[in-house]
Amino acid sequence: MSLLALLFKKSKLPIILAALLGILTGACSAALVAAMNQALTSRTVADAMPLMPVFVGLAVAVLVLRIISQLQLASMQQDALLDLRLSLCRRILEAPLRKLEEAGQHKLLAALTEDISVINSTIAVIPGVIICLATLVGCLVYLAWLSGPLLGLILGVIAVVMASVALPNRYAYAQFY
């Protein structure tokens, strides 16, 4: 079972809430970029001044939503790690002594320390990825509104860059595994 499936199974509501907060944060970030662009393209300072409350509101919204999303994730992360550690300890205690001796002390210690740390690091990245993806989508939508041909060019460059990274990685991975 994958890590995300395990987390989703144990805590659906917190994950959905963190994802929604991340999407909302990304949307506010993209709107903030649009507001800054509109202010920068204003002819006079007087034309840009009505955008000040919008800018401040969006900046505060991005900050507050990001903090709430991170707190939500931290709570979920600690609960998931506690459950994982308890489950792992329970399985070790229930295992026959012979199996434990065959596995060796080093594998047991690695499972209890390093593996949990890797999972912890993975869980911590999830909201940031959601926020970045939502910001990217929002900025691409804004770019499409500004200039369709430029959006096509940008998407083409992104596709070429992704292919130039993915294909060598796939080849290198195939050589070792």
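Residues numbered from 1 in each chain as written. Predicted model: local features only at pLDDT ≥ 70, side-chain atom pairs only at ≥ 80, totals over all residues. Heavy atoms only, no water.

Focus: the overall build of the protein chain
Piece 1. Along the protein chain, the regular secondary structure elements total 8 helices and 0 strands.
Piece 2. Computed over its C-alpha atoms, the radius of gyration of the protein chain comes to 23 Å, more than 25% above the 16 Å expected for a compact globule of 177 residues.
Piece 3. Roughly 12,300 Å² of accessible area belongs to the protein chain as shown, and the carbon and sulfur atoms make up 72% of that amount.
Piece 4. Charge centroids of the protein chain, computed over 12 positive and 8 negative side chains, lie 6 Å from each other. (Helix = DSSP H or I, 4+ residues; strand = E, 2+ residues; numbered from the N terminus. Rg over C-alpha atoms; globule rule 2.2 N^0.38 Å. Areas by Shrake-Rupley, 256 points an atom, 1.4 Å probe, with all protein chains shown as cover. Lys, Arg positive; Asp, Glu negative; His and termini not counted. Charge placed at Lys NZ, Arg CZ, Asp CG, Glu CD.)

Re the packing of helix α4 (residues 52–94) against helix α6 (residues 105–112)
Helix-helix packing is described using two parameters, namely the angle between the two axes and the distance between the axes.
Piece 1. Where α4 contacts α6, the axes come no closer than 10 Å and their chain directions differ by 160°. By the criterion of interaxial angle, the relationship of α4 to α6 is roughly antiparallel. Between α4, through L88, C89 and I92, and α6, the contact on the second element is made entirely by L108, A111 and L112.
Piece 2. Of the residues in the contact of α4 with α6, the class split is 6 nonpolar, no polar and no charged. (Axes fitted to C-alpha atoms, helices over the stretch in contact; angles between N-to-C directions. Parallel < 35°, antiparallel > 145°, perpendicular 65-115°, else oblique. Contact = heavy atoms within 4.5 Å. Nonpolar A, V, L, I, M, F, W, Y, C, P; charged D, E, K, R; others polar.)

A word on the confidence of the model for the protein chain
Piece 1. Residues with a pLDDT of 70 or more make up 95% of the protein chain, whose mean pLDDT is 83.
Piece 2. Confidence scores differ between elements of the protein chain, with helix α1 (residues 3–10) showing the lowest mean pLDDT of 68 and helix α8 (residues 148–176) the highest of 91. (pLDDT = per-residue confidence, 0-100.)

Observations concerning the side chain of T25
Piece 1. Mapped onto the secondary structure, T25 falls in helix α2 (residues 12–40).
Piece 2. Take T25: its relative accessible area is 0%, and that puts it in the buried class. (Buried < 20%, exposed > 50% of the residue type's maximum accessible area, 1.4 Å probe, protein only.)

Regarding the pattern of salt bridges
Piece 1. Across all of its chains, the model carries 1 salt bridge by this definition.
Piece 2. Across the pair E102 and R98 runs a salt bridge whose closest N-O atoms are separated by 4.0 Å. Placement of the pair is E102 and R98 together in helix α5 (residues 97–103), with a separation of 4 residues, close to one helical turn.
Piece 3. What makes R98 exposed here is its relative accessible area of 60%. (Salt bridge = Lys/Arg side-chain N within 4 Å of Asp/Glu carboxyl O.)

Let's talk about the packing of α2 against α4
Piece 1. Axis separation between α2 and α4 bottoms out at 9 Å; the angle between their running directions is 160°. Considered as vectors, α2 and α4 are oriented roughly antiparallel to each other. Considering how the two elements wind past one another, α2 and α4 form a crossing that is left-handed. (Left-handed = near helix turned anticlockwise from the far one by under 90°.)

Side note on α8
Piece 1. Under the 1.5 Å per step criterion, the end-to-end length of α8 is 42 Å for 29 residues, consistent within 8% with the ideal 42 Å.
Piece 2. The residue sitting at the N-terminus of α8 and contributing the capping side-chain oxygen is S147; that oxygen lies 3.3 Å from the backbone nitrogen of L150. (Expected span 1.5 Å × (residues − 1). Polar contact = N/O pair within 3.5 Å; in protein donor to acceptor, adjacent residues only side chain to side chain.)

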